[in-house]
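Residues per chain are reported as follows:
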Amino acid sequence: MLGFGADRLRADMNRLLALLFHQGVLDEQFLQLQQLQDETSPNFVSEVVNIYFHESEKLLRNLRGLLSDRELSDYKKMGIHLNQFMGSSSSIGAKRVRNVCVAFRAASEQNNRVGCLRALEMLEHEYCYLKNRLHELFQMEQQRVMAAGVRYPMQN
């Protein structure tokens, strides 16, 4: 018997992905990213997404820093960071994160500090949710790959 656990993990992964699409967390761009993964680059999606996470952490830190000074907020620089965040979120299919960035950018274009603070809070929430769910998905994928390679002795 080969891969009984792998089949269960594949089904769990499919259920999680379906949930993330249903919730609007991900869009079709994530599926296109998955199609680029093959035997020659089996970790392609997780590597690209981990780069996204690393860069996003820096962008969030920068945005927090720009909003920390009550007297002076550099809304133009904020817009630049948000454009980067929107672009990278779009490239991996992070739909809800991208949508919050759009609202955040609108608030920054109006020099609306309170709106920016609310948007930052929402952005951090959506980002954390995305990160936790995708880490869960990648852990299941690793377990599935390991389970698929394990052979169980047949019972007589």
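Only a predicted model underlies this, so the values are computations on that prediction, with no experimental measurement involved. (Residues numbered from 1 in each chain as written. Predicted model: local features only at pLDDT ≥ 70, side-chain atom pairs only at ≥ 80, totals over all residues. Heavy atoms only, no water.)

S.K.: Got a minute to help me understand the UniProt feature "domain: HPt" (unreviewed entry) in the protein in this structure?
M.R.: Mapped onto the present numbering, the UniProt feature "domain: HPt" (unreviewed entry) falls on residues 47–133. Between the C-alpha atoms that bound residues 47–133 the distance is 15 Å, and the span itself is 87% helix and 0% strand. (UniProt positions renumbered as here; feature names shortened; annotations may be inferred. Helix = DSSP H or I, 4+ residues; strand = E, 2+ residues; numbered from the N terminus.)

S.K.: How should the pattern of salt bridges be read in this particular structure?
M.R.: Once the charged atoms of two side chains with opposite charge are near each other, the side chains can pair. On inspection of all chains with the given rule, the structure shows 10 salt bridges. Salt-bridge contacts for D12 lead to R15; the nearest nitrogen and oxygen are separated by 2.4 Å. Of the two residues, D12 and R15 both sit in helix 1 (residues 4–22), 3 residues apart, roughly one turn of that helix. Accessibility expressed as a relative area gives 23% for D12, which makes it partly exposed. The partner of R144 in a salt bridge is E141, and the shortest N-O contact between them spans 2.9 Å. Taken together, the residues R144 and E141, both in helix 6 (residues 113–148) and 3 residues apart, mark about one turn of the helix. Here R144 falls in the buried class, since its relative accessible area comes to 17%. Each of the salt bridges in this network shares a partner with another, and the network as a whole consists of R8, D12 and R15. (Salt bridge = Lys/Arg side-chain N within 4 Å of Asp/Glu carboxyl O. Buried < 20%, exposed > 50% of the residue type's maximum accessible area, 1.4 Å probe, protein only.)

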